[in-house]
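# A closer look at the structure
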Amino acid sequence: MAKNDDTFRKVIAHAKEYGYIFASSEIYDGLSAVYDYAQNGAELKKNLKDYWWRSMVYGNQDIVGIDASILMHPKTWKASGHVDAFNDPLIDNKDSKRRYRADVLIEEHVDKLDKKIEREVKKAQKRFGDAFDKEQFLETNERVLRYKKEGQDILKRMGESLAKEDLADVKALIEELEIVCPVSGSKNWTDVRQFNLMFSTKLGASADSAMDLYLRPETAQGIFVNFQNVQQTSRQHIPFGIAQIGKAFRNEIVARQFIFRMREFEQMEMQYFVKPGEELEWYEHWKQKRLEWHYSLGLGKENYRFQDHENLSHYANAATDIQFNYPFGFRELEGIHSRTDFDLKAHETASGRNLKYFDPFENKSYIPYVVETSIGLDRLVLAVLSNSYQEEELENGTTRVVMKLPAIVAPVKAAVLPLVRKDGLPELAKEIIEDLQWEYNVQYDDKESVGRRYRRQDAAGTPYCITVDHQTKEDGTVTIRDRDTMEQERVKISEISNRLRHTVSARDWIAQLKK
Ligand code: ATP
């Protein structure tokens, strides 16, 4: 399906209608950029977490998983640099009174240049037909090269100005590019200011003794402060990693785009501790490994790309984003950062504890360097949902809405449908459910005609429908209908579990994807 605003609106409406995502506190008109996962959304999210955890923790003997608290000692955030530097540059439009992130306004301007390149490609494709060589065109066409360079120069200048905290130059860039407010259409901008994204709260009951705390803005620090405990109790040697899934909170300046940018969200992170000097090799290693993991979901390789950072954070010596092609364009899904020894060193200084690792092979102590992979779980949910939503024209002239979710993460793996609500078919269907339900999330459905039930399950993203009919009573077989091909096959009841195995087993899923 085309990726555009219209598709995006449909995905959001569909996510509500089929019980995936609701606005938080909807009866009070919702809370800006906070969302709740409904019955199907919660399952999808749980399955994605499980797929990540299995491949990250069970799939790597040198990685262990933890679950640290959201609340941490406030000194953590001073040491990590978040109190002083976890800021976004904000700018207001004086006419519309709307607030924007200055860097996002500039990035959106560069997106328009990317769109112009896409249009040039399409035009040339039409002109040259089969003889068209896209790669060669992208490397040699003058107009494309000009747009590319223009975009790169803009991002480079923005990166440098942000790194130097030269906010006047960020504003100058917005003015030079003649960026207008999407609401008022005017160029009447305020100066650019920094805004700290952390939510603060208090620990303790009495006003005098209460301690100021922050809700963690990233899960990574929970790993760093536990580094030594985990290393010693897990008896891991460097290189090794610590993984974690958990909530993070950021008071985002502009929280648009549904669950792409939320104020409360979930991260799946892995910090890999390595010998100093080896970090850039490991950084390359994890870049490739993470990209392959994304490919393994089967959303299409063409939907991913790397975007290296021009503007390195205070803790990094290399950083890239894995971007996904959302309905609103390529945007960050996962960050991969070489975080140096910044965090552990800072915690060593702030806590006064020795956080060095003793390397028994080198017979010396040092602070390890860290390579981080950090993916936003909600952004992954959005990638899966927006890519899976499809409107299909069928041969008989009708259309159907289908969510072609990867079966391994689909909320309901199969719906079991008695053809009619009599003749003992419901009882047979319920027996099948009882047999499957400890391994698979299966759903009984006997409402309306079987054709309508198929459509509803297609739209909800259920990979299989198992229909119990009168023949089932005679020979113990059922039909299994495939959501994507709509083909039906008769199989023995005892065969069903084998047929569904790839919907819950990562190994079988990957094997099937390679076929
Ligand atoms: P952005 O530039 O989009 O604000 P970031 O570079 O600040 O993101 P990181 O600090 O690298 O993000 O966080 C790691 C991951 O956490 C991101 O790749 C993203 O998937 C996710 N993430 C960050 N902020 C949010 C948010 N407000 N809502 C949902 N997911 C988020």
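Every chain begins its residue count from 1, and numbering advances along the sequence as written. Thresholds applied to this predicted model are a pLDDT of at least 70 for local features of residues and 80 or more for the giving and counting of side-chain atom pairs; totals over whole chains, interfaces and linings are not thresholded and use all residues. Side-chain descriptors were evaluated using all non-hydrogen atoms of the structure, hydrogens and water having been removed beforehand.

### A short note on the sheet that holds strand β5 (residues 99–101)
Selection rule: In this scheme, strands are said to pair when DSSP sees at least two bridges between them. Counting from the N terminus, the helices are the DSSP runs of H or I reaching at least four residues and the strands are the DSSP runs of E reaching at least two. Helix axes are fitted to C-alpha atoms over the stretch in contact, other axes to C-alpha atoms as well, and angles between N-to-C directions run from 0 to 180 degrees. For this analysis, residues touch if any pair of their heavy atoms sits within 4.5 Å.
An order of β5-β4-β6 is seen for the three strands of this open sheet, with the pairing classed as antiparallel. In this open sheet, the two strands that pair with only one neighbour each are β5 and β6 (193–196). Ignoring strand direction, the axes of neighbouring strands in this sheet form an average angle of 45 degrees. Set on the sheet, helix α5 (residues 102–128) makes contact with β4 (87–92) and β5; between it and β5 the angle comes to about 70 degrees.

### Some remarks on the site of the ligand
Heads up, the rule is: What makes a residue near a molecule or strand is one non-hydrogen atom of that residue sitting within 4 Å of it. Throughout this description, a polar contact denotes any pair of N or O atoms lying within 3.5 Å of each other; where both atoms belong to protein, one of them has to be capable of donating a hydrogen while the other can accept it, and for residues adjacent in sequence the pair is counted only when both atoms sit in side chains. All accessible-area figures derive from a Shrake-Rupley calculation using a 1.4 Å probe, and residue coverage is judged against the displayed protein chains alone. Just so you know the grouping, Ala, Val, Leu, Ile, Met, Phe, Trp, Tyr, Cys and Pro go in nonpolar, Asp, Glu, Lys and Arg go in charged, and all remaining residues, Gly too, go in polar.
Not every one of the 16 residues close to the ligand is listed here, only the nearest: E252, R261, M262, E332 and L333. Here G376 contributes a backbone N or O atom positioned 2.9 Å from an oxygen atom of the ligand. Here R379 contributes a side-chain N or O atom positioned 3.1 Å from an oxygen atom of the ligand. A total of 600 Å² of accessible area belongs to the ligand in isolation, and the protein chains cover 87% of it. Looking at the shell around the ligand, the elements that each hand over two or more residues are β10 (264–274), β13 (329–340) and β16 (369–376). Here the element with the most residues in the shell around the ligand is β13; it accounts for five residues. Counted by class, the shell around the ligand contains four nonpolar, five polar and seven charged residues.

### Side note on the sheet that holds strand β19 (residues 414–418)
Strand order in the open sheet formed by five strands is β20-β19-β21-β22-β23, with mixed pairing between adjacent strands. Each having just a single partner strand, β20 (442–444) and β23 (488–492) make up the two edges of the open sheet. Taking each pair of neighbouring strands and ignoring which way they run, the sheet shows an average axis angle of 25 degrees. Where β19 meets β20, three bridges bridge the pair, whose relative direction is parallel. The residue bridging A414 from the neighbouring strand is V442, located in β20. Here helix α14 (residues 425–436) sits on the sheet and contacts β19, β20, β21 (464–468) and β22 (477–482); the angle it forms with β20, its principal contact strand, is near 160 degrees. In the packing of helix α15 (residues 450–460) onto the sheet, the strands contacted are β19, β20, β21, β22 and β23, and the crossing angle to β19 comes to about 170 degrees.

### Considering the domain arrangement of the chain
We count it as follows: Those domain boundaries reflect an automatic or database domain assignment. Using a 1.4 Å probe, buried area is obtained as the accessible area two parts lose upon being combined, added over both of them.
Per the domain assignment, the segments of the chain are domain 1 (1–85 + 197–377), domain 2 (87–195) and domain 3 (412–514). For domain 1 versus domain 3, the distance between C-alpha centres works out to 37 Å. Contacts between domain 1 and domain 3 engage eleven residues on the former and ten residues on the latter. Roughly 820 Å² is buried in total at the junction of domain 1 and domain 3, and carbon and sulfur atoms are behind 52% of that figure. Looking only at domain 1, the three residues that lose the most surface to domain 3 are Y18, Y51 and S296, adding up to 44% of its buried area.

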